[in-house]
Amino acid sequence: MQPRILMCPPDHYGIEYEINPWMNRSLGAVRELAYHQWRALRDALVGLGVTVEVLTPQPGLPDLVFTANAGLVFRGRFLSSRFRHEVRARESPVFDAWFAAHAFGVEHLPETMYHEGAGDALFCGDDLFAGYRTRSDAAAHQWVGNALGVRVLPVELVNPRYYHLDTCFCPLAPGVALYHPDAFDAYGRKVLTGHVPKLIAVGEDEAARFGCNAVVVGKTVVHNSRCPQLAADLAAARFRSIEVELDEFLKAGGSAKCLTLRLDGEEAAGWKYRPAA
Amino acid sequence: MAARHVEHVEMSGHIVDSLLLPKVLDAILSRGAEYHIQEFRVGARQDDPSYARIEVRADAPAVLESVLAEIHPHGAVPVHPADCTVAVADLAGAFPDGFYCSTNFRTEVRLGGEWVGVEDQEMDCGVVIDPEGGAARCVPMVGVRAGDKVVVGRRGIRVFPPESAGKRHDLFEFMTSAVSSEKPKAVSVREIAAAMRRTKAAGEKILAVLGPAVVHTGGGELVAKLIRDGYLHVLFAGNALATHDIEQAFYGTSLGVSLEKGLPTDEGHEHHLRTINSIRRVGGIKQAVAAGRLTSGIMYECVKRDIPYVLAGSIRDDGPLPDVVTDVIQSQDAMRRLIPGVGFCLMVATTLHSIAVGNLLPGWVRVACVDISPATVTKLMDRGSTQTVGIVSDAEPFLRALVAELDKAGAA
């Protein structure tokens with residue numbers, strides 16, 4: 001089946017508020033450059049055979065480009081995010097409308113919980129690895145695990161620079177993942193090493209360039225530029241590495257993965273290889 | 001008993017594989033609090049969620065708050081039970097059906113969203129909410145008045161079990177094993193003496209529950225000395241203890257047996273009846289002391305030192321002495337009134353009174369039960385007074401050793 005990814009062009013992208021340590025309104029982002037980088041990413045994905053679905057950008061929603069945070073896709077179900085910050089919660093009706101219009105069953109978490117979708121919940125094999133504290137709640141992940149009938153393994157994100165799990169952990173295939181060890185505490189590292197047989201560590205410099213925020217299509221990994229060690233480690237693990245310069249989005253604390261939402265299941269998600277029970 | 005601040009939290013989901021449970025438990029301990037896992041269900045398969053209900057305890061409210069704030073992000077959320085359920089008593093002297101039956105452990109009920117401590121904690125009672133709804137207390141069945149608001153069911157009630165064995169090191173370290181006649185008594189006596197000294201130093205009362213064998217075995221003067229030395233502050237007994245104590249003062253005998261010679265004396269079997277009659281003729285024990293008729297013994301010391309006592313009657317009593325309360329309900333109430341402030345209870349040589357008092361005592365009052373028969377101590381424990389340490393010993397040798405131990409400490 002052809003990979004399908006949801007993206008939103010950066011027509012209204014900008015640094016209009018600061019909700020993570022990367023954002024600095026005084027620096028701003030160059031929209032033309034952002035658009036150029038976004039197109040390069042889209043083209044790279046299309047080149048890999050991906051069908052890119054385009055969400056219509058909305059004025060006043062600068063972070064709508066980060067479709068990974070729309071929600072969590074599981075088969076034909078879309079668990080809509082409960083954003084911690086009001087500025088992003090306004091994106092949810094837009095995402096919900098798109099998914100409803102595209103034959104997904106749209107579901108919502110209880111209002112008392114925060115959950116930021118595929119930004120904080122990533123399948124690796126049959127397990128749903130889930131980041132909590134900064135944005136999503138551990139209890140919300142447990143709720144999701146229960147709702148989907150999967151084992152969820154919440155790990156605490158202890159470094160505010162890596163505020164979403166997809167900024168420091170990237171499943172490549174069942175049992176294989178990238179991670180930045182310093183984003184987790186001892187418990188989290190033990191959970192990851194205990195449940196992911198092959199973990200590729202990404203060093204501090206390349207993690208800070210959001211090397212872990214990568215898009216996986218088949219055996220190809222698309223990630224931000226100037227991550228030579230990561231590219232070498234991926235090659236050693238028999239993955240092809242494609243670098244796309246995405247620094248305008250790094251200013252908002254996002255990169256390749258944040259700009260995409262896999263609609264047919266990530267490559268590493270065990271469930272996509274099995275029919276629904 | 002130290003005030004303990006407690007909250008219950010629950011965690012559910014994949015809390016084992018994700019190490020969230022150990023992480024939470026570690027966080028509780030590292031912040032100086034304690035946990036007790038009250039319920040734990042492990043998911044049978046890897047996709048099945050697990051569940052843990054955890055009691056978090058801290059010595060100070062600030063510590064508890066910081067622990068709760070720390071563990072909340074890991075998914076340990078406070079259990080928010082509803083207020084307790086209340087039914088109005090339709091009859092005097094009986095609870096509504098389904099009444100909550102109390103234990104002797106510290107208990108709180110939830111009223112208007114707040115946890116409120118239950119006063120007059122006592123086992124086998126009901127809990128009555130005051131008309132304003134801000135306080136709760138244990139009330140025995142006979143004490144129920146029509147219209148009382150009585151707690152029913154189990155919702156909105158939390159019971160604090162006694163400290164774990166590991167926390168008992170400050171008192172009764174030897175309490176971990178059952179009663180035995182083969183324990184080294186010197187160690188037990190030393191610990192009881194230490195507990196009595198601590199109770200006295202803390203300004204709490206020491207309660208003695210004594211049977212007549214205390215006097216029969218020649219221990220009366222030892223108890224009198226404990227009173228003189230300030231180690232007994234409340235006395236519960238029956239007609240017999242007081243009668244034989246006074247008989248000894250009047251005739252030098254107990255049940256007609258000379259306490260000097262150990263032999264029955266002529267007409268000795270009449271001594272206790274003549275004793276009771278004499279006291280009845282003057283109107284009571286206090287009057288006998290005031291008249292200069294009673295000049296020694298346990299009851300004399302109680303009167304001289306204003307030690308409150310309750311003499312509870314029974315159907316086999318001779319006389320009885322005018323001081324004896326012959327209505328058992330009134331006896332229970334009289335004892336209840338004297339229990340607040342008791343920190344330690346010494347029970348010697350009485351099965352019936354020991355069990356009766358054990359029923360009235362809150363679980364945090366430590367009890368030493370001394371009896372020649374191991375069954376007495378076992379019975380006490382079986383009826384829920386698990387805070388009891390038992391010593392199998394005749395009364396007088398135990399009291400002699402206890403007085404010597406207390407004297408040793410006093411001299412030190």
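Basis of the calculations
Residues numbered from 1 in each chain as written. Chains lettered and ligands numbered in written order. Predicted model: local features only at pLDDT ≥ 70, side-chain atom pairs only at ≥ 80, totals over all residues. Heavy atoms only, no water. Helix = DSSP H or I, 4+ residues; strand = E, 2+ residues; numbered from the N terminus. Buried < 20%, exposed > 50% of the residue type's maximum accessible area, 1.4 Å probe, protein only. Contact = heavy atoms within 4.5 Å. Areas by Shrake-Rupley, 256 points an atom, 1.4 Å probe, with all protein chains shown as cover. pLDDT = per-residue confidence, 0-100. Buried area = accessible area lost by both parts, 1.4 Å probe. Salt bridge = Lys/Arg side-chain N within 4 Å of Asp/Glu carboxyl O. Pairing = 2+ DSSP bridges. Axes fitted to C-alpha atoms, helices over the stretch in contact; angles between N-to-C directions.

Enquirer: Please explain the overall build of chain B as it appears in this structure.
Expert: Helix and strand counts for chain B stand at 13 helices and 20 strands. Burial status across chain B gives 49% buried among its 412 residues. A fraction of 66% describes how many contacts in chain B between residues 6 or more apart in sequence connect residues 24 or more apart. Of the roughly 18400 Å² of accessible surface on chain B, a fraction of 52% belongs to carbon and sulfur atoms.

Enquirer: Help me out: how do you make sense of the confidence of the model for chain B in this one?
Expert: Low-pLDDT stretches of the model should not have their predicted coordinates read in fine detail. Residue and element names in this part refer to chain B. Across chain B, the average pLDDT comes to 89, with 92% of residues at or above 70. Contacts from residues 173-177, a stretch scored under 50 in pLDDT, to residues over four places away or in other chains number 13 contacts. This prediction of the complex comes with two scores: 0.61 for pTM and 0.83 for ipTM.

Enquirer: Could you clarify how one ought to interpret the interface of chain A and chain B in this entry?
Expert: How big an interface is tends to be expressed through the accessible area that disappears when the partners come together. Taken together, the contact pairs 19 residues of chain A with 18 residues of chain B. Interface area, chain A with chain B, both sides summed: about 1500 Å², of which 55% is carbon and sulfur. One can count three salt bridges joining chain A with chain B. Close ionic contact of aspartate 185 of chain A with lysine 23 of chain B constitutes a salt bridge, the shortest N to O distance being 2.6 Å.

Enquirer: Looking at this structure, how should I read the sheet that holds strand S8 (residues 152-156) of chain A?
Expert: The pairing of strands in a sheet comes from backbone hydrogen bonds and takes either a parallel or an antiparallel form. Residue and element names in this part refer to chain A. Here three strands make up an open sheet; going across it, the order is S6-S7-S8 and the pairing mixed. The strands lining the two open edges of the sheet, one partner per strand, are strand S6 (121-124) and S8. Here the average twist between neighbouring strands, direction ignored, is 30°. One ladder, built from four bridges, connects S6 with strand S7 (residues 127-132); its direction is antiparallel. Looking at the pairing, cysteine 124 lines up with aspartate 127 of S7.

Enquirer: Hey, could you run me through the sheet that holds strand S7 (residues 114-119) of chain B in this one?
Expert: Residue and element names in this part refer to chain B. The strand order S5-S10-S8-S9-S7-S6-S11 describes an open sheet built from seven strands, whose pairing is mixed. Sheet topology places strand S5 (85-88) and strand S11 (157-160) at the edges, where each strand pairs with a single neighbour. Averaged over all pairs of adjacent strands, the angle between their axes in this sheet comes to 40°, without regard to strand direction. Across four bridges, the pairing between strand S6 (residues 106-111) and S7 is antiparallel. Within S7, the residue paired with leucine 111 across the bridge is glutamate 114.

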